[in-house]
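Architecture and fold: a report
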Amino acid sequence: MRSLRLSDWKTDMKILVTGARGFIGKNLTAELKNRGYEDLILFDREDDPSCLDEYAPKADFIFHLAGVNRPKDVSEFMEGNCGLTEKLINILEAAGSKAPVLVTSSIQAALDNPYGQSKKAGEELLFSHKEKTGAPVFVYRLPNVFGKWSRPNYNSAVATFCHNIANDLPITVNDPTTVMRLVYIDDVVAEFINAMEGRGSALSDACIHTYGGGMRPAKEESSVYPVDGDRYFGVPRIHEVKLGEIADLIHSFKQSRSALFIPDMSDAFVSSLYSTYLSYLPTDGFAYDLKMNVDNRGSFTEFIRNRDRGQVSVNISHPGITKGQHWHHSKNEKFLVVKGEGLIRFRRIDSDEIFEYRVSGEKLQVVDIPTGYTHSIVNVGEEDMVTVMWANEPYNPDKPDTYFLEV
């Protein structure tokens, strides 16, 4: 491996990615390009295996992601997961290369099944290579990985659930209490690049995020390639979630289009799962209609709701129309006119003094609607006025907290 300064990596470093067209490979390759790494050598199962003879000796770092997890015959496990690793190592050793190798293994490497055995055998080959040559080796024992571009109806329940629910297909949940250990693809990719840049996370440093619970921060101690005691590495954030809860969440994502409630984006798992779900929407299903409440004054349309962050609506008023003329005890709002011209008027309910704010789509300005003030907004322009309105709570017909009173 050539001696490269960190500042030189993006322009000079040659990076080999095996399994480049797979789920993790596609995401990793895309992010490497985003970060300015330009010299990528991509290898996948469709390529002639002899290409590795040319590719591997050139590499300054190797992401070995290629493998087999759903073969036609169990014998293919050992050939795909151990045989290719052995071939890669032999090429590196013959060329005298000490390029670091990062390999995607599995938590099943600790289990006694054909897949786990093949992954374990590949790990041991790499550890022997490390001892023989001194080349840095990163073995990542990954749990289930989820995110965009994962293949549904293959080996990921999350991908299958997202795809099927988004496309109005049934799903099967055999045991809703089954606990899944999951890592999100963006976290995996970030960790892999950190490892390449000398900041890998030892497996013991991984933290667990349980859906609906808290999460402790992962350690970020390592600043060099692993020393002799560091055998396994892991993604710093692992989610433990019951299978039934995952299915319920994805169903709620689909229903959110009609209910208008957006998911709890403060929860890392929910946010990542929602991003994953959206990637499985059919290409003719990105858009959905909203219910427009139309009358002779214009229209009022709810856009999104959130249980603890309120509601966003779009209000359209025809020229000369006045809306509002009410006040609130605790409900508060923000008005933003994005098209047309308007006049917002306020009067404290125990006073005769009126305050006015002229607003326009030509100069975006947010106007707070304080509690205890009756208020109105009138379209003083010659075209329809469009106002984006935020309220601190979703409208509740049983507790509207809205009282008519002219300004």
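Thresholds, definitions, all that
- Residues numbered from 1 in each chain as written.
- Predicted model: local features only at pLDDT ≥ 70, side-chain atom pairs only at ≥ 80, totals over all residues.
- Heavy atoms only, no water.
- Pairing = 2+ DSSP bridges.
- Helix = DSSP H or I, 4+ residues; strand = E, 2+ residues; numbered from the N terminus.
- Expected span 1.5 Å × (residues − 1).
- Buried < 20%, exposed > 50% of the residue type's maximum accessible area, 1.4 Å probe, protein only.
- Phe/Tyr/Trp six-rings, centres within 6.5 Å; stacked < 30°, edge-to-face > 60°.
- Axes fitted to C-alpha atoms, helices over the stretch in contact; angles between N-to-C directions.
- Parallel < 35°, antiparallel > 145°, perpendicular 65-115°, else oblique.
- Left-handed = near helix turned anticlockwise from the far one by under 90°.
- Contact = heavy atoms within 4.5 Å.
- Nonpolar A, V, L, I, M, F, W, Y, C, P; charged D, E, K, R; others polar.
- Core = buried A, V, L, I, M, F, W, Y, C linked by side-chain atoms within 4.5 Å.
- Salt bridge = Lys/Arg side-chain N within 4 Å of Asp/Glu carboxyl O.

**Structural notes on the pairing of strand S17 (residues 354-360)**
- Relative to S17, strand S16 (residues 341-348) is paired through 7 bridges, and the arrangement is antiparallel. Across the sheet, the residue bridging to isoleucine 344 is tyrosine 357, located in S17.
- Two successive antiparallel strands, S16 and S17, enclose a turn made up of 5 residues.

**Some remarks on helix H2 (residues 23-34)**
- Its 12 residues place the ends of H2 17 Å apart at the C-alpha level, agreeing with the 16 Å of an ideal helix rising 1.5 Å per residue.
- Inspection of H2 places Phe23, Ile24, Gly25, Asn27, Leu28, Thr29 and Leu32 among the buried residues, and these make up the whole buried set.
- Glycine 36 lies just past H2 and shows a positive phi near 95°.

**Digging into the packing of aromatic side chains**
- One pass over the structure, following the stated rule, counts 14 aromatic pairs.
- Ring geometry for phenylalanine 63 against phenylalanine 192: centres 6.4 Å apart, planes inclined by 25°, an arrangement best described as stacked. Placement of phenylalanine 63 in strand S3 (residues 61-64) and of phenylalanine 192 in helix H7 (residues 185-196) is noted, with a sequence separation of 129 residues between them.
- For phenylalanine 63, a relative accessible area of 0% corresponds to the buried category.
- When its relative accessible area of 0% is taken as the criterion, phenylalanine 192 is described as buried.
- Aromatic side chains phenylalanine 146 and phenylalanine 269 sit 5.6 Å apart centroid to centroid with 65° between the ring planes, which places their arrangement in the edge-to-face category. Linking phenylalanine 146 in strand S6 (residues 144-146) with phenylalanine 269 in helix H9 (residues 268-278), this pair joins segments that are 123 residues apart in sequence.

**Quick look at the packing of helix H6 (residues 157-166) against H9**
- One can describe the packing of H6 onto H9 by two numbers: an axis separation of 9 Å at closest approach and a directional angle of 55°. For the element pair H6 / H9, the angle class is oblique. The way H6 lies across H9 gives a crossing that is right-handed. When H6 is examined against H9, the residues Val158, Cys162, Ile165 and Ala166 are found in contact with a partner set consisting of Leu273, Thr276 and Tyr277.
- When the residues that make up the contact of H6 with H9 are grouped by side-chain class, the tally is 6 nonpolar, 1 polar and no charged.

**Re H7**
- Its 12 residues give H7 an end-to-end C-alpha distance of 17 Å, which sits within 8% of 16 Å, the value for a rise of 1.5 Å per residue.
- The buried fraction of H7 amounts to 10 of the 12 residues, a majority that puts the element mostly inside the structure.
- Glycine 198 sits one or two positions beyond H7 and adopts a positive phi of about 95°.

**Re the nonpolar core**
- Membership of the largest hydrophobic core comes to 53 residues, with the highest contact counts inside it found for Leu32, Phe63, Phe192, Ile246 and Leu273.
- Looking at this core element by element, the count peaks at 7 residues for H7.
- Excluding anything up to four places from it in sequence, phenylalanine 63 contacts Ile15, Leu16, Val17, Thr18, Leu28, Leu32, Leu102, Phe192 and Met196.
- Membership of the second largest hydrophobic core comes to 22 residues, among which are Leu16, Ile41, Ala66 and Leu84.

**A short note on the pattern of salt bridges**
- Tallying each qualifying case throughout the model produces 19 salt bridges.
- Across the salt bridge formed by arginine 21 and glutamate 46, the nearest N and O atoms sit 3.5 Å from each other. Of this pair, arginine 21 sits in the loop between strand S1 (14-18) and H2 while glutamate 46 sits in the loop between strand S2 (39-43) and helix H3 (51-55); the two residues are 25 residues apart in sequence, bridging distant segments of the chain.
- We classify arginine 21 as partly exposed; its relative accessible area is 48%.
- When its relative accessible area of 58% is taken as the criterion, glutamate 46 is described as exposed.
- Between aspartate 295 and arginine 297 there is a salt bridge, with its nearest N and O atoms 3.1 Å apart.
- Note on arginine 297: relative accessible area 35%, which makes it partly exposed.

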